[in-house]
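Chain by chain, the residues run as shown.
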Amino acid sequence: MSDIRMIRSILKEYGLRWMTDRMLYSAKLKLLRIFPIVEKLFERKTSFPTRLNLFEINVQSIRKILESLNGKEKEQLIGTADRILEGVIPGFSSIDLNYGMPMDWQLNPVTGERCSEKQKWYLIPDFDKRRGDIKVVWEASRFSWMITITRAYILTKDEKYYLFFSDVIKNWLSENPYGYGANYKCGQECALRMVNTLLVYSVFREDGLTKDVDDVHVKDLVDRCYRRILGNFFYAYRCIKNNHTISELMGMIVGAWCCADDKQMTNAYELLNEVVDEQFTCDGGYCQHSFNYERLAIQDLNCILSISKKTGMDLSKRNKRKIRNAALLMYQCQDDSGDMPNYGANDGALVFPLTNCGYRDFRPTINASFALLTGNQLYDDGAHQEELIWFSGNKNNQNYKRIHINRTSKSFSGTGLYTVRKNTSWGMMICNRYRTRPGHMDQLHFDLWVDGVNVLCDGGTYSYVSDEGRQLVLNESHNTVTVPGKTQMSTHGAFMIYDWPKRGRIKNTSNMMHGEYCAKNGYFHRRTVAITDKGYRIIDAVGKKCEIRFHTPCDVEKTEAGYELSWKGRTICRIISCRDSRVEASIRSVYYLKREKISCVVIDGIKGKTVTEIEVL
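Thresholds applied
Residues numbered from 1 in each chain as written. Predicted model: local features only at pLDDT ≥ 70, side-chain atom pairs only at ≥ 80, totals over all residues. Heavy atoms only, no water. Pairing = 2+ DSSP bridges. Helix = DSSP H or I, 4+ residues; strand = E, 2+ residues; numbered from the N terminus. Core = buried A, V, L, I, M, F, W, Y, C linked by side-chain atoms within 4.5 Å. Buried < 20%, exposed > 50% of the residue type's maximum accessible area, 1.4 Å probe, protein only. Contact = heavy atoms within 4.5 Å. Salt bridge = Lys/Arg side-chain N within 4 Å of Asp/Glu carboxyl O. Axes fitted to C-alpha atoms, helices over the stretch in contact; angles between N-to-C directions. Parallel < 35°, antiparallel > 145°, perpendicular 65-115°, else oblique. Left-handed = near helix turned anticlockwise from the far one by under 90°. Nonpolar A, V, L, I, M, F, W, Y, C, P; charged D, E, K, R; others polar. Phe/Tyr/Trp six-rings, centres within 6.5 Å; stacked < 30°, edge-to-face > 60°. Lys NZ or Arg CZ within 6 Å of the ring centre and 35° of its normal.

Trainee: Lay out the sheet that holds strand 23 (residues 594–605) in plain terms, naming residues and giving numbers.
Mentor: Neighbouring strands of a sheet are bound in pairs by backbone hydrogen bonds; such pairs are parallel or else antiparallel. Read across the open sheet, the 4 strands follow the order 10-18-23-22; overall the sheet is antiparallel. Edge positions in the open sheet fall to strand 10 (481–482) and strand 22 (581–591), since each of these has one partner strand only. Both strand 18 (residues 546–552) and strand 23 contribute to a ladder of 7 bridges, which runs antiparallel. Looking at strand 23, one finds that Ile-548 is bridged to Ile-603.

Trainee: How would you explain the nonpolar core if you had to name every residue and give the values?
Mentor: With 133 residues, the main nonpolar core has Trp-145, Phe-165, Phe-291 and Phe-352 as its most contacted residues. Trp-145 has contacts with Ile-84, Ile-89, Met-103, Trp-105, Glu-139, Ala-140, Phe-164 and Val-168, leaving out every residue within four places of it along the chain.

Trainee: Hey, could you go over the pattern of salt bridges for me, with residue numbers and the actual values?
Mentor: Here the structure, examined in full by the defined rule, presents 37 salt bridges. Glu-189 is the salt-bridge partner of Arg-142, the closest N and O atoms lying 2.5 Å from each other. Of this pair, Arg-142 sits in the loop between helix 6 (134–141) and helix 7 (145–156) while Glu-189 sits in helix 9 (residues 187–206); the two residues are 47 residues apart in sequence, bridging distant segments of the chain. Of the residues examined, Glu-189 reaches a relative accessible area of 2% and is grouped as buried.

Trainee: I'd like a description of the sheet that holds strand 7 (residues 425–430), backed by residues and values.
Mentor: Across the sheet, 5 strands lie side by side as 5-6-7-8-9; this open sheet has antiparallel pairing. Looking at the sheet topology across the chains shown, the edges are occupied by strand 5 (410–412) and strand 9 (453–456). Each neighbouring strand pair of the sheet contributes to a mean axis angle of 20 degrees, computed without reference to strand direction. Taken together, the 2 bridges between strand 8 (residues 446–450) and strand 9 define a ladder with antiparallel strand orientation. Note that in strand 9 the partner of Leu-448 across the bridge is Leu-456.

Trainee: If you had to explain the packing of helix 7 against helix 9 to someone new, which residues and values would you point to?
Mentor: Helix-helix packing is characterised by the crossing angle of the two axes and by the distance between the axes. At a closest axis distance of 9 Å, the pairing of helix 7 and helix 9 adopts a crossing angle of 15 degrees. Regarding the angle of helix 7 to helix 9, the classification is roughly parallel. Judged by the sense of rotation from one axis to the other, the crossing of helix 7 with helix 9 is left-handed. Contacts between helix 7 and helix 9 involve Met-146, Ile-147, Thr-150, Tyr-153 and Ile-154 on the former and, on the latter, Asn-196, Thr-197, Leu-199, Val-200, Val-203 and Phe-204. In terms of residue class, the contact of helix 7 with helix 9 is built from 8 nonpolar, 3 polar and no charged.

Trainee: Tell me what's going on with the packing of aromatic side chains, and back it up with residues and numbers.
Mentor: Within this structure, the stated rule accounts for 25 aromatic pairs. Ring geometry for Phe-143 against Trp-172: centres 6.3 Å apart, planes inclined by 75 degrees, an arrangement best described as edge-to-face. Taken together, the positions of Phe-143 in the loop between helix 6 and helix 7 and Trp-172 in helix 8 (residues 160–175) put the pair 29 residues apart, joining distant regions of the chain. The buried category is assigned to Phe-143, whose relative accessible area is 0%. Look at Tyr-178 and Tyr-184: their rings are 5.4 Å apart centre to centre, the planes differ by 70 degrees, and that puts the pair in the edge-to-face class. For the pair Tyr-178 and Tyr-184, a shared accessibility class is recorded, and that class is buried. The ring of Tyr-592 has Lys-135 sitting right over it, with the charged end atom 5.9 Å from the ring centre. The ring of Tyr-331 has Arg-407 sitting right over it, with the charged end atom 4.1 Å from the ring centre.

Honestly, it's all geometry; don't read function into it.
Put into structure tokens, the structure is as follows:
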């Protein structure tokens, strides 16, 4: 009976068409494994690329930004670039991954296991405990690190970085025959590989370094990636329906332009406008309920906006408004430090690392998107502006006007995000009305920031294929309530979340936010967060006995009144409750494949209302 109930719930939430498309794709993979010859039926005929000069990069303006960095920042950039020349890349903006030299394009450096370059892509499993996370294999061939060595070249003018680029493209083509190995499994990976290559190639071509052989190799790489995107686009378009779709459409537009295929490019723009309209809400929210993935999608769209003059096509006015609103939403849900709540699934993706700003600094992408669409910048001058220059063609960043928009308490009801702000602190609460697949069980999670410190935090993701990663999805890893023996939603496999809760009444003012939901697993939860003279009052109403959890990276000390939270020796917050409570060990992952020990204050809630006071010092 439970399987029947699961299928019924999935059909209702995901739709019959989605389930049918997933079954069709599974049938395709089975057919390929039994009759490999039929793969030719899914391939699309394309013309070989004839042009590569799609991106116009203002190298001189980028050089000025890089030269304005302080000595430590310059050393960091050059040091990272030189390690890349030895085969060590900064994976997921979090850990060094050593692929050797020459690079082993099928290797997972974390486990030491590798895929086979002699095996067809559809025979390589997504999940393999021995090999480990396939994203680690893909990370080297995504070529995001190529931007780092190119920025080091722009700063130093040392041609060793160009020579490495030239050798790597030749080696990758030799070691990755078309259709074989892990690096042809995913169309999004092909799209990012192609675009990163063309961005880097444009810089070296601008400085007169590229040779005829580079043109041949880059065209070959574009050809392979473009064909692979076209051959498997059904999966991204019909089955995944998220950032993968936007990335692959970006790759389709770029590939079609390089091949002078106007018909396919027109089709790709039409599909992109349809997809962007589906995936972004009018108030700026994103379908994956994740700031990490919203940034990825926006970076893709910034790239597409940057080439509109060359392609002669553009996004619709409606979609431009949505993307602008997405930039404003992220700006309002952002801390002054540039960081944001670790909201939703987070795979460490920074596909275009175009500045010296850290991975957790969202200013470069927010600023670039807003400026490209409005002609105005949201922040004061700084290193974050470099991303805007990369995507502005020959336009200088000085042509963009700085405007001032205050961050205030905001309600993004279509997205399910709500903020309240008080002097040096602010909070964000989540209460979604799900129309697309949730990533985490984080309904009524409350994120609190004080003086740039994420005092009450989200647990993050760590890894999609690990036991820790699966645990971090659950409501136990968020600042919300847990009911013994129950979860907000149900799970199946690595990514399937069903039994979406039903959102109830929502209310938000400048000093209060209220949300409620009813879980299909048998309980309801209502939460009110109100600003007080001393900080915040949280009132939780639950129909059963529960536990209220607050995760914190701060040092926690129990006092007579409750708990004091300290950061770097300074007490910045108190949690006060009249209920029984305790401190438990927990973990959080701010970066993919990186975790740290934190604490969790657990308060025993009653059937009815439980009040918790948060004092900000």
